[in-house]
Structures are given as structure tokens and as C-alpha cells.
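Next come the chains, spelled out residue by residue.
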Amino acid sequence: MAAEGGGAKPVTQSRMENFRKVRTSEEESPLPFPDLPPDVVEMKVKEGSKIRNLMNFAMAQMELKGSRQIVFSGCGRAVTKTITCVEIMKRKLGGLHQVTKVRYKTLLEVWENQDPLPGGPAQNLTVHKNVPSICILLSRDPLDPNQTGYQPPEPRHGLGPQLSNAGEDTSSSSTKGLKRPLPPPSEDLLTKKLQSGTLQLSA
């Protein structure tokens, strides 16, 4: 991490409490996936992003607008939220190929001195921070399985009881709770009942 003081004297650690972060920006860098279509949607996940808002927009792109690929990216504290969004989409849509790339990204933070010297110029600090970053590509179309970070589509779980042509539930689970017919009494059981007199025969 490096700091620039805009021509002013270096600020010691004891005076850092006088500074307030006023702006944060990311260093722009191309997506680490070759042969992406120019109109691919990139979901830039931020620390304060709402997962519901992100997923509503992303699902609309994939389901309503028919997008074949989508990228989720986030850095720093937003990495965990980025992965969460990807897992939600994989469960909702199914059959998605995935490629994950991890790298470092530079954040630029501008800190402003809240207690400048009387009559002196405003003093700002620009801090360069290298933070971990993640980019995840989800695709309906097959991707190169030999590239680093590739994950095949997860097997889809059962969709519940299967229905017959008549619309009736034919799964074994539908019979749970129903009384099963009792098996006919065996020959030995009939003999015992006759001997004990508990079974009456009609003439």
C-alpha cells in the first residue's frame, strides 16, 4: 500500500485520525476471459450491493432477454457476496458452465484532512491498495474444459414426483400414509384359529 500527499509533508500515523475517506475508485482492467461477446453483461458486485437487486437484474438478462453468458465480478470485501450471487443463479437456472479467475486489483482511495493547518492548503492523501478480486463467467453454452478454473454444470436434482399421463402421482412417496391391504392369512394361522375355536365356519 502506497500513499501520495500531493506535495505536502508526510503525515504521521498519529495524525491519521484527522483524515476521512472521501472517494474510492477501482483501476479499470479488462475481463480475464477470451472471446467474450462485446455485449456480455458484467455484474459488478460492491460491498454495499443488495443481493436481491443484483439477482433480479441478472435473472432478467438470462431469462427474459435470452443472454447466453454473464459475468459476476467483485473485489475486497465484495468477493464473498459475488460468490453467493453465482451460487444462487446456478441453483435457479441449472446447466451452467463456469470459469473462475482470481487476481489482484488496485483500489484508489482519496483521504481528506479534516483539520488542515490555518491558512494552509487542503491536504489530501491518495492511497493505492492491492486487494483480491474474483471474476466468474457463467455460460449456457459449453466452455473449454481444459482452461484453468473451469467447472462443469452441476447435476440437477430430482424435480419431485413424476406424473402419469392422467396427471396422477405415480411415485412411491404418494402412497405414504395409506393403509396397505393385509396379506391373506397363512395356512398355519388358519389351523391355530380352528383349534382354539376363534374361527367359526358357516354350514
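Residues numbered from 1 in each chain as written. Predicted model: local features only at pLDDT ≥ 70, side-chain atom pairs only at ≥ 80, totals over all residues. Heavy atoms only, no water.

Engineer: In this structure, what is going on with the environment of Ala78? I would like to understand it.
Structural biologist: Its location among the elements puts Ala78 in the loop between β4 (69-75) and α2 (79-93). Taking the C-alpha atoms as reference points, Ala78 and Val45, 33 residues apart in sequence, are found 6.3 Å from one another. Those residues within four positions of Ala78 in sequence are excluded, and the remaining contacts are Val45, Lys46 and Glu47. (Helix = DSSP H or I, 4+ residues; strand = E, 2+ residues; numbered from the N terminus. Contact = heavy atoms within 4.5 Å.)

Engineer: Would you take a moment to explain the state of the cysteines for this structure?
Structural biologist: Each disulfide consists of a covalent bond between the sulfur atoms of two cysteine residues. Following the criterion strictly, the structure yields zero disulfides and no others. Left unpaired, Cys75 is separated from the closest cysteine sulfur, that of Cys135, by 9.2 Å. Owing to a relative accessible area of 11%, Cys75 belongs among the buried residues under this scheme. (Disulfide = S-S within 2.5 Å. Buried < 20%, exposed > 50% of the residue type's maximum accessible area, 1.4 Å probe, protein only.)

Engineer: Looking at this model, I keep getting lost on unusual backbone geometry. Mind explaining?
Structural biologist: Negative phi values dominate among residues other than glycine, just as trans dominates among peptide bonds. Positive phi is not limited to glycine here, since Asp35 has a value of about 60°. Among the structural elements, Asp35 can be located in the loop between β2 (19-26) and β3 (41-44).

Engineer: It is not clear to me how the packing of helix α1 (residues 51-64) against α2 should be interpreted in this structure. Could you clarify?
Structural biologist: Packed helices, taken two at a time, are described by the angle their axes make and the gap between the axes. At a minimum axis distance of 11 Å, the contact between α1 and α2 shows a crossing angle of 45°. Here α1 lies oblique to α2, going by the angle between them. Remark: the crossing between α1 and α2 carries right-handed chirality. Touching Ile51, Leu54, Met55, Ala58, Met59, Met62 and Glu63 of α1 are Lys81, Thr84, Cys85, Ile88, Met89, Lys92 and Leu93, all from α2. Split by residue class, the contact of α1 with α2 holds 10 nonpolar, one polar and three charged. (Axes fitted to C-alpha atoms, helices over the stretch in contact; angles between N-to-C directions. Parallel < 35°, antiparallel > 145°, perpendicular 65-115°, else oblique. Left-handed = near helix turned anticlockwise from the far one by under 90°. Nonpolar A, V, L, I, M, F, W, Y, C, P; charged D, E, K, R; others polar.)

Engineer: What is the right way to look at the pairing of strand β6 (residues 124-139) in this model?
Structural biologist: Consecutive residues of a regular strand have side chains that alternate between opposite faces of the sheet. With seven bridges joining them, β4 and β6 adopt antiparallel strand pairing. For Phe72, the partnering residue across the bridge sits in β6 and is Ile136. Sheet analysis places strand β5 (residues 97-113) next to β6, joined by 16 bridges and oriented antiparallel. Bridged to Glu109 within β6 is Val127. (Pairing = 2+ DSSP bridges.)

Engineer: I would appreciate a short explanation of the side chain of Ser73 in the present structure.
Structural biologist: Relative to the helices and strands, Ser73 is located in strand β4. On the accessibility criterion, Ser73 (8% relative accessible area) is buried.

Engineer: I would appreciate a short explanation of α2 in the present structure.
Structural biologist: Each turn of an α-helix holds 3.6 residues, which means side chains three or four residues apart point in the same direction. The end-to-end C-alpha distance of α2, which contains 15 residues, comes to 22 Å, matching closely the 21 Å that a straight helix rising 1.5 Å per residue would cover. The inward-facing, buried residues of α2 contact α1, β4, β5, β6 and β7 (150-151). At the exit of α2 stands Gly94, carrying a positive phi of roughly 75°. (Expected span 1.5 Å × (residues − 1).)

Engineer: Looking at this structure, how should I read the side chain of Glu109?
Structural biologist: Along the chain, Glu109 turns up in strand β5. The class for Glu109 is buried, based on a relative accessible area of 6%. A polar contact is formed between the side chain of Glu109 and the side chain of Lys129, at a distance of 3.4 Å. Beyond its immediate stretch of four places on either side in the chain, Glu109 contacts Lys21, Arg23, Thr24, Leu125, Thr126, Val127 and Lys129. (Polar contact = N/O pair within 3.5 Å; in protein donor to acceptor, adjacent residues only side chain to side chain.)

Engineer: Explanation requested: empty space enclosed by the protein in the structure shown.
Structural biologist: To find leftover empty space, one rolls a probe the size of a water molecule over the atoms. Within this structure, the stated rule accounts for one cavity of 30 Å³ or more. Of the volumes computed, that of the largest cavity is approximately 60 Å³. Broken down by element, the lining of the largest cavity gets its largest block of residues, three residues, from β4. Partitioned by chemical class, the residues of the lining of the largest cavity number two nonpolar, three polar and four charged. (1 Å grid on protein atoms, 1.4 Å probe; cavity = no way out; pocket = protein on both sides within 12 Å on 5 of 7 lines; lining within 4 Å. Points joined across faces, edges and corners; volume = space filled by probe spheres on them.)

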